[in-house]
Amino acid sequence: MRTILKDIGCCVIILLCIVACTHKKAALDREKFTALLIDMHMADGALSLSQGYSTNHEKRNYAYYNSVFDKYGIDRAEFDSCMRYYSAQAALFDEIYDIVIDSLNRRLTEQNRRLAELRAGDSINYFPQPDTLLLDTLNPVWVTEVDSIVPGNYKFSTTVKFDTLEKKRSNRIVAFFLSPDNKDTLHVREIRMSSDTVRRHYEWSQYVDSAYNRLIIKIADTDRPEKLKYKRGRIWGTTLYRPYTSPKTIERLKKSLSPGKAEAAIVPVDDILLRPERSKVPVKSPVKR
């Protein structure tokens, strides 16, 4: 009998200890704990998008979470204690998570709205020419000038089909951005065009900063001006977009325009504008059908 009473007494003591620990004051009050949970879930989202949850990034993940704990003046052990404290009160814990979910949804809605505004110009085609351009005796090379260039990452694409064959790949797509004072140009990577009669798609992408405000594009420029009068073909589906680019990507692209890396691509614009044009084609030539 004494043994039974002793066991009962031990159980009561253990139960009282558990209850006492459960109702021990948490390191964070309800408001701060709710805010911490919101930040923790934001951190979860950031980590899953940037690197995932592999073992290779375990230390980095802990550092990320520790920065959240530091913001609220607690450590991991105190966070775990708060979780036990509030989760033991089911009704209160549900109320807290209702606030967390509502806050995350509102933030996501606002971010989607802002992202939609930033991407509103993604579908604007800045190429000013008609959809179809013909290559013939009058227009063997198409030269187009795009005004009012603003900083951004520009993506150009076009489809070309020649009706005449050439033995050498003498045709090319040339593009360069001009500065407002006409002293510098930023050349885009030159594209050599195929010399067959198969339909080909060409594209390039180039970030440009505020140093430049115009863009010149030459389609089917050639190294062999004597062949211009024989050139025949068609250009269509030409687009020039400036899609939304994340700030992180912009910073990376800006580094590619640093003086050390961009110096080889920048030459005095007078050398280009004063050089005789092989094709003798004016800017913004009318479409010949």
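Residue numbers here run from 1 along each chain, matching the order of that chain's written sequence. With pLDDT at 70 or above as the cut-off, local features in this predicted model cover only qualifying residues; side-chain atom pairs require 80 or more to be listed or tallied, and sums for whole chains, interfaces and linings still use all residues. Side-chain numbers here rest on the full set of heavy atoms in the structure, without hydrogens or water.

Draft legend 1. Fine view of the nonpolar core. We define a nonpolar core as any set of buried Ala, Val, Leu, Ile, Met, Phe, Trp, Tyr and Cys residues linked to one another through side-chain atoms lying within 4.5 Å. A simple rule labels every residue: compare its accessible area, found with a 1.4 Å probe on the protein chains alone, to the largest value its type can have, and call it buried under 20%, exposed over 50%, or partly exposed in between. By size, the foremost hydrophobic cluster in this structure holds 27 residues, and its most contacted members are Phe156, Phe177, Trp204, Leu215, Ile217, Ile219 and Leu240. Mapped onto this core, the elements with two or more residues apiece are β1 (132-135), β2 (142-146), β3 (152-162), β4 (171-178), β7 (200-208), β8 (214-222) and β9 (233-241). Strands here mean DSSP runs of E at least two residues long; helices mean DSSP runs of H or I at least four residues long; both are numbered from the N terminus.

Draft legend 2. Quick peek at the pattern of salt bridges. By convention in these notes, a salt bridge is any Lys or Arg side-chain nitrogen within 4 Å of a carboxyl oxygen on Asp or Glu. Counted according to the given criterion, the structure contains 10 salt bridges. Among the salt bridges present, the one from Arg214 reaches Glu145, with a minimum N-O distance of 3.3 Å. Here the residue Arg214 occupies a position in strand β8, and Glu145 occupies one in strand β2, the gap between them amounting to 69 residues. Both residues of the pair, Arg214 and Glu145, count as buried. With a shortest N-O distance of 3.7 Å, Asp163 and Lys161 are connected by a salt bridge. Taking the relative accessible area as the measure of exposure, Lys161 reaches 28% and is therefore partly exposed. Bridged by salt links that share partners, the residues Arg172, Glu190, Arg192 and Asp221 form one connected network.

Draft legend 3. Focus on the environment of Gly73. Tracing the sequence through the fold places Gly73 in the loop between α3 (58-71) and α4 (76-87). The class for Gly73 is exposed, based on a relative accessible area of 61%. On a C-alpha basis, the gap between Gly73 and Leu28 in space is 9.2 Å, while along the polypeptide they are 45 residues apart.

Draft legend 4. Spotlight on the environment of Ile173. Position of Ile173 relative to the elements: it lies in strand β4. Classification of Ile173 as buried rests on a relative accessible area of 1%. Separated by 18 residues in the primary sequence, Ile173 and Ile191 place their C-alpha atoms 5.1 Å from one another. Contact between two residues is taken to exist if any of their heavy atoms lie within 4.5 Å; hydrogens are not considered. Dropping the residues within four chain positions of it, Ile173 is found in contact with Phe156, Thr158, Glu190, Ile191, Met193, Tyr202, Lys218 and Ile219.

Draft legend 5. Quick look at the sheet that holds β1. Pairing between strands requires that DSSP locate at least two bridges from one strand to the other. The antiparallel open sheet is built from 4 strands, whose spatial order is β1-β9-β3-β7. Sheet topology places β1 and β7 at the edges, where each strand pairs with a single neighbour. With strand direction ignored, the average angle separating the axes of adjacent strands in the sheet is 25 degrees. Pairing between β3 and β7: 9 bridges, direction antiparallel. Along β7, the bridge assignment pairs Ser157 with Glu203. Here an angle of 0 to 180 degrees is reported between the N-to-C directions of two axes, which are lines fitted to C-alpha atoms, with helices fitted over the stretch in contact.

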